[in-house]
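Observations on the model geometry
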Amino acid sequence: MIGKTVIPFGPQHAVFPEPFHWRLVMEEERVLDAIPGIGYMHRGIEQLATRMEFAKTLFLAERVCGICSFMHALAYAESLEKLMDVEVPPRAKYLRTIWAELARLQSHLLWIGLAADAFGFESLFMQAWRVREYVMDMVEFTEGGRVMTSSVTIGGVRRDLHEEAIEFLLENLDKLEVGFEEVYQVFTEDPLIKHRTVGVGILSKEDSIRLGAVGPTLRGSGVAQDMRMLGYAAYGELEFQPVVEDSCDSYARMVVRLKECFQSINLIRQAIKKLPDGDVLVKVRGKPEGEVVTRIEQPRGELLYYIKANGTKSLERFRIRTPTLSNLPPLMHMIKGACLADVPVITLSIDTCIACTER
Amino acid sequence: MGCACGDRPTSLDVGGSAVSVTAGFWLMVLGIVVAPLVGGLLTGLERKVIARFQGRQGPPLVQAFYDLIKLWQKQPRAVNRIQVVYAYAHLFFMIVSLLALLLGQDLLMILFIFSFASVALILGGLSVDSPYSRIGSQREIVQLLVYEPILILMVIAFYKVTGSFMARAAWGLGQPLIYQIPLVLVAFLSVFIIKLRKSPFDLATQLHEPHQELVKGIITEYSGPHLALIELASWYEMVFLLGLVALFWSTSWIGALILAAVFFSLLTLIDNVTPRATYAWMVKFVWKVGLGLAVVNVTCLYLG
Amino acid sequence: MSLVALSRKKSPWLLHFETGGCNGCAIEVWACLTPVYDVERFGMVNTGNPKHADVLIVTGCVNARSGRVLRNLYSQMPEPKVVIAVGVCACTGGIFHDSYNLAPGADRAIPVDIYIPNCAARPEAIIDSVLHAVDLLEEKGRSYDARRS
């Protein structure tokens, strides 16, 4: 075939569980241009929030994204606590940290599986998801659900961690670490995976800042930016450093996520060790009023919540900027000139979450 | 019946003469009926083994037959009529190449018929407008270009050792071919993986796993009974390729079976431990390593 | 049971389409494929191609844009076929039901045979629904055969 072909990539496609549409203008196997088509997942959450009671909006925020639902609930709760001057008890802060890191772990492991699948490495996909089930077990045991847990609420958390649960957590963390170690080794050492990722989808440090990349995409380009350093929840009292890689390609972004898994395991252990006693929930009274911006680190990067309230029972304006939205311009930049076979790899290297982006 | 030589009737003159007409007839019946049974079982076995590799229970052993019958009973929905013709042609040439191998015919001719089967599939893929199918076909063409030289070199090496292009010449050998052309056999492994569409060379399509960047590649637009035809052809293909492997140890039944089993296990193992390669990498690797090995072996034969 | 009926029951090939919810159910559908739940033991394969599929799994709420895609996918699947709506969004619209651009439930776009509520639907429930779908598939297959002959 001579000339340009247009390949519809999505909206129903085996690589992504989400409807995301690329129209790839191809010349043989090279991508000349990529035109994203979005709008398949728009649910009008921001408008719905202005009609709902602000306490119920928490559940709506949780359902922005099923992969990082905890993070959205956390961001919403933190924002409203700032608006209403609520001091969250320290134990609740630590529990939030533990659950946030569990959410990060499951999201990263999910991504690892999808990435392995994009390489056509089915057995690694299966291994990654098998390891992920340890995390899901922990989530289910401590939060009471696998996906939508509703464990965060304004003023604290809904559930407490019992002795038994802590033991279960520590036990499963050990199993998880052993299983994950194997996956990590295969991912970082397999020559064919290296061949598929090293030097593919270069995003230089300057470009990443200019195009507004966030999260692992930014850290893979050598910029040490991590919203957890702001010290929300209990992060201020735990010891960690942002994971940074300098090689600016898909491999670097992959390694950042892999290393963050170890970091998360470490953070959960630290948090369990320092877990203070006391209440997990304070009573919240009144209605929110004013404006607030909250930034937290989602598995995919910086999540920004803007909330404007006017003292009525529902919010006046509810605005979410999700990491994938910020990472789309860098993705468009990287995908031009790539091979068709690299399109899934590059697209996955920013870990797209269309559900968040379109809300 | 995992190997070609295994079906040789005992009355056969091992000097390399033709098979008698009655024996030939029964051999053909055997080939047409038993080969898909073996191929289907092997496909099921492979899926089971792969599942166990991945820590899963896996489908039942006869899963491939369930799939085939179900597909056969689905609504026939072809994009155009010529697509169906190509599906039948693909199956027909695949059966013919297997039968020719069973009857010990000319290897060069067998390989050309075999390529015909691939070409029929490619034309079927190109006859529809789907970009996935078209790009899958383009990749299949590249694969054809990649493995064809190795197959030709294999035939040349075969001729050098046996002095004949006829496959049945291998049955009269004193020692197995593998002693003299081991490197060709190694090169043949890459052809084996490419033809059976396993990782790392599962570029054009895959029958049982979701294929990523091209959905299902070359077979995207086939459905129902037409897909069943292609699935059936893939069983014949597997038996045919294992038969070619068995040719390398044609002097004993057990040797041939062992060789075929080793190749089958290697295929499953490699499929499991490798990700998909890009096609540029495939061309580079197969020509550098596969073709290189085959050329070295053939050169040694001519010099030594 | 005839061989055809048995084969129809033993080999449901899945097509999963996320019409646009929160991904939670989509991820649970994927989790069904993995070692802990492993649906391949029932012969299920995730095909990703509507022309090869028998069972369409719909997750998430349907809006105007994804509804078009959904109808398209459904019409490309050859008979007999079964549709499963997984998760409360695909059943009724769930928490988003009165949003300005959503159809309350996937059955507004295509005929749905089996509904699984819950947010998010658990993998066990999804596997169970597919096993119900298999019986339905056999039934539909029989009526399809009767129509054809």
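The paragraphs below set out a description of the structure included in this document. (Residues numbered from 1 in each chain as written. Chains lettered and ligands numbered in written order. Predicted model: local features only at pLDDT ≥ 70, side-chain atom pairs only at ≥ 80, totals over all residues. Heavy atoms only, no water.)

1. Focus: the interface of chain C and chain A
Facing 39 residues of chain C, the contacting portion of chain A comprises 42 residues. Surface buried jointly by chain C and chain A totals about 3,300 Å² across both partners, of which 64% is contributed by carbon and sulfur atoms. Linking Arg 122 of chain C and Glu 140 of chain A is a salt bridge whose minimum nitrogen-to-oxygen distance equals 2.9 Å. Counting across the interface, chain C meets chain A through nine residue pairs in polar contact (both at pLDDT 80 or more). At the level of elements, β1 (13–20), α2 (24–32) and α3 (64–76) of chain C are the ones that each hand at least two residues to the side of chain C that touches chain A. Here the side of chain C that touches chain A is composed, by residue class, of 22 nonpolar, twelve polar and five charged. (Contact = heavy atoms within 4.5 Å. Buried area = accessible area lost by both parts, 1.4 Å probe. Salt bridge = Lys/Arg side-chain N within 4 Å of Asp/Glu carboxyl O. Polar contact = N/O pair within 3.5 Å; in protein donor to acceptor, adjacent residues only side chain to side chain. Helix = DSSP H or I, 4+ residues; strand = E, 2+ residues; numbered from the N terminus. Nonpolar A, V, L, I, M, F, W, Y, C, P; charged D, E, K, R; others polar.)

2. Quick look at the interface of chain B and chain C
With 32 residues of chain B at the interface, the matching set in chain C holds 33 residues. Together chain B and chain C conceal approximately 2,700 Å² of surface at their shared face, both sides included; 51% is due to carbon and sulfur atoms. Our enumeration of links across chain B and chain C arrives at six salt bridges. The closest approach of N and O atoms between Arg 56 of chain B and Asp 38 of chain C, which form a salt bridge, is 3.1 Å.

3. Focus on helix α4 (residues 90–118) of chain A
Residue and element names in this part refer to chain A. Its 29 residues give α4 an end-to-end C-alpha distance of 42 Å, which sits within 8% of 42 Å, the value for a rise of 1.5 Å per residue. Within α4, 27 of the 29 residues are buried, leaving the element largely enclosed by the surrounding structure. Phi turns positive, to about 80°, at Gly 120, one or two residues after α4. (Expected span 1.5 Å × (residues − 1). Buried < 20%, exposed > 50% of the residue type's maximum accessible area, 1.4 Å probe, protein only.)

4. Re a nonpolar patch on the surface
All names here are of chain B. On the surface, Leu 41, Leu 45, Val 49, Phe 53, Leu 61, Val 62, Leu 269 and Val 273 cluster together into a nonpolar patch covering about 590 Å² of accessible area. At four residues, helix α1 (residues 21–53) tops the list of elements feeding residues into the nonpolar patch. Turning to its location among the elements, Leu 269 is positioned in helix α8 (residues 253–273). (Patch = residues over 30% accessible without salt bridge, like charges linked within 9 Å, V, L, I, M, F, W, Y side chains within 5 Å. Areas by Shrake-Rupley, 256 points an atom, 1.4 Å probe, with all protein chains shown as cover.)

5. A short note on the pattern of salt bridges
All names here are of chain A. Across all of its chains, the model carries 42 salt bridges over all chains by this definition. Here Glu 133 ties to Arg 146 by a salt bridge, and the two come within 3.2 Å at their closest N and O atoms. In this pair, Glu 133 sits in helix α5 (residues 122–143) while Arg 146 sits in the loop between α5 and β4 (152–153), placing the two residues 13 residues apart along the sequence. A relative accessible area of 4% places Glu 133 in the buried class.

6. Quick notes on the packing of helix α3 (residues 81–102) of chain B against helix α4 (residues 107–126) of chain B
All names here are of chain B. Where α3 meets α4, the closest approach of the two axes is 8 Å, and the angle between their N-to-C directions is 165°. If you check the angle between α3 and α4, you find them roughly antiparallel. Our pair here, α3 against α4, has a crossing hand that is left-handed. Contacts between α3 and α4 involve Gln 83, Tyr 86, Ala 89, His 90, Phe 93, Met 94, Val 96, Ser 97, Ala 100 and Leu 101 on the former and, on the latter, Leu 107, Ile 110, Ile 113, Phe 114, Phe 116, Ala 117, Ser 118, Ala 120, Leu 121, Leu 123 and Gly 124. A class-by-class count of the residues in the contact of α3 with α4 yields 16 nonpolar, five polar and no charged. (Axes fitted to C-alpha atoms, helices over the stretch in contact; angles between N-to-C directions. Parallel < 35°, antiparallel > 145°, perpendicular 65-115°, else oblique. Left-handed = near helix turned anticlockwise from the far one by under 90°.)

7. Focus on the nonpolar core
Core analysis: the largest hydrophobic core is formed by 151 residues, its most contacted members being Leu 24, Tyr 76, Ile 98, Ile 112, Phe 187 and Phe 318 of chain A together with Leu 56 of chain C. Here the element with the most residues in this core is α4 of chain A; it accounts for 17 residues. Counting 91 residues, the second largest nonpolar core, distinct from the first, contains Ala 157, Leu 185, Leu 232 and Leu 242 of chain B. (Core = buried A, V, L, I, M, F, W, Y, C linked by side-chain atoms within 4.5 Å.)

8. A closer look at the layout of surface pockets
Counted as a void, the second largest pocket has a volume near 270 Å³. Lining of the second largest pocket is provided by 18 residues; of these, Ile 193, Pro 200, Phe 201, Ile 270 and Phe 285 of chain B occupy positions nearest its centre. At the level of secondary structure, the elements contributing two or more residues to the lining of the second largest pocket comprise α7 (191–197) of chain A together with α6 (182–195), α8 and α9 (279–303) of chain B. Classifying every residue of the lining of the second largest pocket by side-chain character gives 14 nonpolar, three polar and one charged. (1 Å grid on protein atoms, 1.4 Å probe; cavity = no way out; pocket = protein on both sides within 12 Å on 5 of 7 lines; lining within 4 Å. Points joined across faces, edges and corners; volume = space filled by probe spheres on them.)

9. As for the packing of aromatic side chains
Within the structure shown, the criterion is met by 23 aromatic pairs over all chains. Between Phe 93 of chain B and Phe 116 of chain B, the aromatic rings sit 4.9 Å apart at their centres with planes inclined by 55°, giving tilted as the arrangement. With Phe 93 of chain B in helix α3 and Phe 116 of chain B in helix α4, the pair connects residues that are 23 residues apart, well separated along the chain. Aromatic ring contacts, followed pair by pair, group Phe 188, Phe 192, Phe 248 and Phe 263 of chain B into a single cluster. Taking the ring centre of Trp 129 of chain A as reference, the NZ or CZ of Arg 132 of chain A above it sits at 4.8 Å. Here the guanidinium or amino end of Arg 257 of chain A rests over the ring plane of Trp 111 of chain A, the centre of that ring lying 4.6 Å away. (Phe/Tyr/Trp six-rings, centres within 6.5 Å; stacked < 30°, edge-to-face > 60°. Lys NZ or Arg CZ within 6 Å of the ring centre and 35° of its normal.)

10. Regarding α2 of chain C
Counting along an α-helix, one turn takes 3.6 residues, and residues three or four places apart therefore face a common direction. With nine of its nine residues buried, α2 of chain C lies for the most part within the structure. Inspection of α2 of chain C places Gly 24, Cys 25, Ala 26, Ile 27, Glu 28, Val 29, Trp 30, Ala 31 and Cys 32 of chain C among the buried residues, and these make up the whole buried set. Those residues of α2 of chain C that are buried are in contact with α4 and α5 of chain A together with β1, β3 (55–60), β5 (82–86) and α5 (123–148) of chain C.

11. Considering the environment of Val 262 of chain B
Residues and elements named next belong to chain B. Its place among the elements puts Val 262 in helix α8. Given the relative accessible area of 40%, Val 262 is considered partly exposed. Sequence separation of Val 262 and Trp 26 is 236 residues, and the distance between their C-alpha atoms is 28 Å.

12. As for the packing of helix α5 (residues 131–162) of chain B against α9 of chain B
Residues and elements named next belong to chain B. Contact geometry of α5 with α9 gives a least axis separation of 10 Å together with a crossing angle of 10°. For the element pair α5 / α9, the angle class is roughly parallel. Between α5 and α9, the residues in contact are Val 142, Gln 143, Leu 145, Val 146, Pro 149, Ile 150, Leu 153, Ile 156, Ala 157, Lys 160 and Val 161 and Tyr 279, Met 282, Val 283, Val 286, Trp 287, Gly 290, Leu 291, Ala 294, Val 295, Val 298, Leu 301 and Tyr 302, respectively. Residues that form the contact of α5 with α9 fall into these classes: 20 nonpolar, two polar and one charged.

13. Describing the sheet that holds strand β8 (residues 317–321) of chain A
All names here are of chain A. Ordered in space as β6-β7-β8, the three strands form an open sheet in which the pairing is antiparallel. Edge strands, defined here as strands with exactly one partner in the open sheet, are β6 (289–298) and β8. Taken pair by pair, the neighbouring strands of this sheet meet at an average axis angle of 10°, ignoring direction. Where strand β7 (residues 301–310) meets β8, five bridges bridge the pair, whose relative direction is antiparallel. Across the sheet, the residue bridging to Ile 307 is Phe 318, located in β8. (Pairing = 2+ DSSP bridges.)

14. Comments concerning the sheet that holds strand β2 (residues 21–27) of chain A
All names here are of chain A. Judged by pairing direction, the sheet is antiparallel, and its three strands sit side by side in the order β1-β2-β3 without closing on themselves. Each edge of the sheet is formed by a strand with only one pairing partner; in this case those strands are β1 (4–9) and β3 (30–37). Put simply, the sheet's adjacent strands are angled 20° from each other on average, direction ignored. In this structure, β2 lies alongside β3, joined through seven bridges in antiparallel fashion. Bridging from a neighbouring strand, Leu 24 pairs with Ala 34 of β3. Those strands touched by helix α11 (residues 323–335) are β2 and β3, and its axis lies near 155° from that of β3.

15. Let's talk about the environment of Trp 287 of chain B
Inspection of the secondary structure assignment puts Trp 287 of chain B in helix α9. Sequence separation between Trp 287 of chain B and Pro 149 of chain B is 138 residues; the distance between their C-alpha atoms is 8.9 Å.

16. Comments concerning the environment of Leu 98 of chain B
For Leu 98 of chain B, the position within the fold is in helix α3. With sequence-adjacent residues up to four places away left out, Leu 98 of chain B is seen in contact with Gly 31, Ala 35, Tyr 236, Val 239 and Phe 240 of chain B.

None of the figures reported here should be taken as evidence of function without further support.
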